[in-house]
Each structure stands twice: as C-alpha cells, then as structure tokens.
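Working through the structure, step by step
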Amino acid sequence: MLNKIFIMGRLTRDPELRRTQTGTPVASFSLAVDRDFKDKSTGERATDFIDVVAWRQTAEFVTRYFAKGRMAVVEGRLQIRDWTDKEGGKRRSAEVIAENIYFGDSKRDGEGGGSYSTGYRQGGGYPAPSPAADSLGGYGAPPADGDQFAELSTDDGDLPF
C-alpha cells in the first residue's frame, strides 16, 4: 500500500505549536494550493485550502522558520479522520500528516513585499549574502576590472551544429 502526498502552497496563517500531555510538539497550519487548471467560465484557478499537521522536530522546524504567506513544500501522507460534532452529527475531515517540509521560496523573495510576519525574521533564516557573491549567484568574486563577462579567445569552427 502507498500513501504519499506532495503539496506546494502558501501558508494561510502562522503555524500553531501545541504540546500533547506527554510534551510531544505538534504544529498545525494550512496551505493555499492552486489547482493546475483554470475555470472555463472565469478563467481563474481555483484554490484548495489543505490542513497540515506536523509532529516532533518537524513541528518545531515549521513553527520557527515559516509564517503566513511563506511558500512551503510538504511531503507526507493523507489521513482521513471521522469525528462527531457538538450536535452529534458524524463528520469526516482530511489532513496531511507532514513528514518533511521544505522551503518553496527564498527568504529574499519576501523581504521587500512584507508578506511574511516579523516572527520569521526574528526566528532565524539565512545570513545576508555579500555583494560579490550575490552578483554571480554565489559563485566567487567578480573580475577585478568589474566586467563579469570574458571574451572567448578560441574559435571552434569545426563544431557539427
């Protein structure tokens, strides 16, 4: 049997960290995930809001480094729960139990837009890149003369294409 799910979307709220009676950390949040197709009548993509639950170290990780608006990729399994509401009615809900959570964007993507809460910036993140590393995508320093491109001196006129 196989129960594996991958979803990518933006957090609709900050993750909520709680602890069980035995002290095990558990975090819950939801992701807004766009569908792959557009509605024929409106021309817009529908969005699904998917509940996610993370346990133990994964719960602490998502609470520390993710906030509302942050893009996340969740790898996990789908779980269906049956429960009874206050009026005695039978209910069923689906949620993803997260096994791994990955960054779906870079921290830099959200710095100018203000879409992330200040809790993310205070909770951790990446060190700011140096200007030299940033100008070449993080690979070495630019040439001393400031020109980032070098002229090729050899002619490969014998190439077959």
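Residues numbered from 1 in each chain as written. Predicted model: local features only at pLDDT ≥ 70, side-chain atom pairs only at ≥ 80, totals over all residues. Heavy atoms only, no water.

1. A look at the pattern of salt bridges
Pairing between side chains of opposite charge can happen when the charged atoms of each approach one another. Taken as a whole, this structure holds 10 salt bridges when the rule is applied. A salt bridge links D105 to R10, with the nearest nitrogen and oxygen atoms 3.5 Å apart. Here R10 lies in strand 1 (residues 5-11) and D105 lies in the loop between strand 6 (90-103) and helix 2 (107-111), a separation of 95 residues in the sequence. We classify D105 as buried; its relative accessible area is 13%. E60 serves as the salt-bridge partner of R19, at 3.5 Å between the closest nitrogen and oxygen. (Salt bridge = Lys/Arg side-chain N within 4 Å of Asp/Glu carboxyl O. Helix = DSSP H or I, 4+ residues; strand = E, 2+ residues; numbered from the N terminus. Buried < 20%, exposed > 50% of the residue type's maximum accessible area, 1.4 Å probe, protein only.)

2. Brief notes about the pairing of strand 3 (residues 25-38)
Note that strand 1 and strand 3 share two bridges and pair antiparallel. When the sheet's bridge partners are listed, R10 is paired in strand 3 with A32. Both strand 2 (residues 16-19) and strand 3 contribute to a ladder of four bridges, which runs antiparallel. Along strand 3, the bridge assignment pairs L17 with A27. Once strand 2 ends, the chain turns through five residues before running back antiparallel as strand 3, passing G23 with a positive phi of about 95 degrees. As defined by bridge partners, strand 3 adjoins strand 4 (residues 45-55) across 10 bridges and the pair is classed as antiparallel. Note on strand 4: the bridge partner recorded for D34 is T47. Counted between consecutive antiparallel strands, the loop separating strand 3 from strand 4 contains six residues, among which G43 sits at a positive phi close to 75 degrees. (Pairing = 2+ DSSP bridges.)

These figures come from the coordinates and say nothing about function on their own.
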